[in-house]
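# Breakdown of the fold
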Amino acid sequence: MAGRTVLIVGDDESTRRRFRIILEGEGFTCAEAGSTEDALEAVRQGVDLALCDVRLGDEDGLALVQTLLAAEPPVGVVMISGVDDPDGAGTALVLGAHGHVAKPVRRSELLLSVTNAERMRELEVRQRGRVVGLEAGVWSEFVQIIGHELRTPLTVILAGAGLIPRTVDPARLAAIAASIESQGRRLLQLIERLLEVASLDDAAPGASVGPVDVRGLLAMAAELARAMGRSVVIEVDDDVRVQASQQRLLDAISHIVENAVKFTPAETGITMRAAQDGSDDVVISVVDKGPGIPAEIQKRMWEPFVQADGSAVREHGGLGVGMYLCRRLVEWHGGSVTSHDTPGGGLTVAIRLPASGPR
């Protein structure tokens, strides 16, 4: 890992010393600060990560977190709180802190949180470099969406965690645990989507490319749709094959399927078609009979962090990156993806790929 300097911030010297011994034993370089002023001076000298106590004597540890998160280059922040003080750490996570541990802190928990924060910081450094070219409006829209998408499950998780110590009814405890698990999975899916965006530029072109049976590929994509409660019809010409990365092409089609399921009524079926046209290209289409998407939105939906409209973000959730990922994965194969209205209503999304593989 590139970032190895950790600033330990807290008003208890013995706790700072204990954390320092643990982290230096794992190869980190550590600095200590007992106040906000000392912490900011250490940041000016250069640190990669910070362990911050929520309660910093008479000072506001959360205000320090906000300052650290706005630093350039980014600082990975792990919040420390007492067992009886979940609110401050929850607020810090909503603000964008990279992790949280509660006192008394176990060695394994400390190392896991710091290591995860280090990885997230490195990802953030790479992503900040990549978004420089984004239009200001697109970046602003992304910040609003990610804030909403993270805040909602975190609020549920923290509320459930606060209820557990005061709940004795087993059925009620099971319901709280199920809610926490559901929202945790939602957070995990959001993180996986962001990591998928980040990984697109890191993949070596041509990796894992081979002959792919398109009928079999669509059968796998159909299972996803059926698992989401939709009926699927597959129409494929005989022996349609393409040189491709099977996993990446399946991912591209799956993003289209997920989008179709998300934005169409529950009773709406999906048709998947594949054929080889006269130009020797393979065309894969996903057709739905839903309400369709306005033409002006169809033009924009291939860009990152774009949703159909504000109400769709609130009703369906998501980061607005699925169709962008689809486009990037198809372009990785040397192909293109377009959309048009389905005759009689709905949306058709068509992937066009060179049968001979990435150009």
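I will try to describe carefully the structure that is included in this document. Counting starts from 1 at the beginning of each chain's written sequence and moves along it residue by residue. Reporting in this predicted model follows two pLDDT cut-offs: at least 70 for local features of residues, and 80 or more for side-chain atom pairs to be given and counted; totals over whole chains, interfaces and linings ignore these cut-offs and use all residues. To get the side-chain values, take all heavy atoms of the structure and skip hydrogens and water.

For the rest of this paragraph, the subject is the overall build of the chain. For the purposes of this entry, the term helix denotes a DSSP run of H or I that reaches at least four residues, the term strand denotes a run of E that reaches at least two, and both are numbered from the N terminus. Across its full length, the chain holds 12 helices and 14 strands. Sorting the 359 residues of the chain into buried and exposed places 45% on the buried side. Partitioning the contacts of the chain with sequence separation of at least 6, the portion at a separation of at least 24 is 69%. Accessibility throughout is a Shrake-Rupley quantity obtained with a 1.4 Å probe, and a residue counts as covered only by protein chains that appear here. Of the roughly 17900 Å² that the chain leaves accessible, carbon and sulfur atoms contribute 53%. Exposure is judged per residue with a 1.4 Å probe applied to protein chains only, and the accessible area is read against the type maximum: over 50% gives exposed, under 20% gives buried, and values in between give partly exposed. The contact criterion used throughout is that any non-hydrogen atoms of two residues lie within 4.5 Å.

We now examine helix α8 (residues 214-227). Here α8 is 14 residues long and its end C-alpha atoms lie 20 Å apart, about the 20 Å a rise of 1.5 Å per residue gives. Turning to α8, its buried residues are Val214, Leu217, Leu218, Ala221, Ala222 and Ala225. Projected onto a plane normal to the axis of α8, the buried residues spread over an arc of 140° and lie on a single side. Packed against the buried residues of α8 are β8 (210-213), β9 (232-236), β10 (241-244), α9 (246-262), β11 (270-276) and β12 (281-288). We call two N or O atoms a polar contact when they sit within 3.5 Å, provided that within protein one can donate a hydrogen and the other can accept it, with sequence-adjacent residues counted only if both atoms are side-chain atoms. At the N-terminal boundary of α8, the capping side chain belongs to Asp213, with an oxygen 3.4 Å from the backbone nitrogen of Arg215. Looking one or two places after α8, you find Gly229, whose phi comes out positive at around 90°. Working rule for helices: expected span equals 1.5 Å times residues minus one. What the arc covers is the set of directions going from the helix axis to the C-beta atoms.

What follows is about the nonpolar core. Of all hydrophobic cores here, the largest spans 40 residues; its most connected members are Ile253 and Ile284. Contributions of two or more residues to this core are made by α8, β9, β10, α9, β11, β12, α12 (322-332) and β14 (347-354). If one sorts the elements of this core by residue count, α9 sits on top with 8 residues. If we skip the residues at most four places from it in the chain, Ile284 touches Val214, Leu218, Leu249, Ile253, Arg273, Ala274, Val349, Ala350, Ile351 and Leu353. In plain words, nonpolar cores are sets of buried Ala, Val, Leu, Ile, Met, Phe, Trp, Tyr and Cys residues tied together by side-chain atoms within 4.5 Å. Core analysis: the second largest hydrophobic core is formed by 21 residues, Leu7, Ala33, Ala39 and Ala50 among them.

This part is about unusual backbone geometry. Across the chain, the bulk of peptide bonds are trans and the bulk of non-glycine residues have phi less than zero. Look at Asp239: it is not a glycine, yet its phi comes out positive at around 50°. Structurally, Asp239 can be placed in the loop between β9 and β10. Asp239 sits in the exposed class, given a relative accessible area of 58%.

All right, on to the side chain of His333 then. Its location among the elements puts His333 in the loop between α12 and β13 (336-341). For His333, a relative accessible area of 2% gives the class buried. Within the structure, His333 has its side chain in polar contact with the backbone nitrogen of Ser245 (distance 3.1 Å).

Along the chain, the position of Arg121 falls in helix α5 (residues 107-130). Separated by 48 residues in sequence, Arg121 and Pro73 have C-alpha atoms that sit 9.4 Å apart. Within the local environment of Arg121, its side chain forms a polar contact with the backbone oxygen of Asp48, the two atoms lying 3.1 Å apart.

The subject of this paragraph is the packing of aromatic side chains. Given two aromatic rings, one states the distance between the centres and the angle between the planes to describe the pair. Only Phe, Tyr and Trp rings are paired, with Trp represented by its six-membered ring, and only when their centres lie within 6.5 Å; those with planes under 30 degrees apart are stacked, over 60 edge-to-face, the remainder tilted. Per the counting criterion, the structure on display carries 0 aromatic pairs. By definition, being over a ring means that NZ of Lys or CZ of Arg is both within 6 Å of the ring centre and within 35 degrees of the ring normal. The ring of Trp332 has Arg248 sitting right over it, with the charged end atom 4.8 Å from the ring centre.

For the rest of this paragraph, the subject is the environment of Gly34. Looking at the element boundaries, Gly34 is found in the loop between β2 (29-33) and α2 (36-45). Along the backbone, Gly34 and Asp11 are 23 residues apart, and their C-alpha atoms lie at a distance of 4.8 Å. For Gly34, the contacting residues outside a window of four places in its chain are Gly10, Asp11, Arg16 and Leu56.

Reading across from one edge, β9-β11-β12-β14-β13 is the order of the 5 strands in this open sheet, with mixed pairing throughout. Strand pairing shows two members of the sheet lacking a second neighbour, β9 and β13, which therefore form its edges. The mean angle between the axes of side-by-side strands here comes to 15°, regardless of whether they run parallel or antiparallel. Pairing between strands is defined by DSSP: at least two bridges between the two strands are required. Pairing of β13 with β14, which is carried by 6 bridges, proceeds in the antiparallel orientation. The residue of β14 that forms the bridge with Thr338 is Ala350. Here α8 sits on the sheet in contact with β9, β11 and β12, set at roughly 170° to β9. Only the stretch in contact is used when a helix axis is fitted, and all axes are lines through C-alpha atoms; the angle between N-to-C directions ranges over 0 to 180 degrees.

The next point concerns the packing of α9 against α12. Running from N to C, α9 and α12 point in directions that differ by 150°, and their axes come no closer than 9 Å. The orientation of α9 with respect to α12, classified from their angle, is roughly antiparallel. As for the relative orientation of α9 and α12, their crossing is left-handed in sense. Note on element contacts: α12 touches α9 through Gly322, Met323, Leu325, Cys326, Leu329, Val330 and Trp332, opposite Arg248, Asp251, Ala252, His255, Ile256 and Asn259. Classifying every residue of the contact of α9 with α12 gives 8 nonpolar, 3 polar and 2 charged. By definition in this entry, angles of less than 35 degrees are roughly parallel, angles greater than 145 are roughly antiparallel, angles of 65 to 115 are roughly perpendicular, and the rest are oblique. A crossing counts as left-handed when the near helix is turned anticlockwise from the far one by less than a right angle, and as right-handed when that turn is clockwise. Three classes are used: nonpolar for Ala, Val, Leu, Ile, Met, Phe, Trp, Tyr, Cys and Pro, charged for Asp, Glu, Lys and Arg, and polar for all others, with Gly counted as polar.

Along the polypeptide, Thr36 turns up in helix α2. Non-local contacts of Thr36, meaning those with residues more than four positions away in its chain, are made with Leu56, Glu59 and Leu64.

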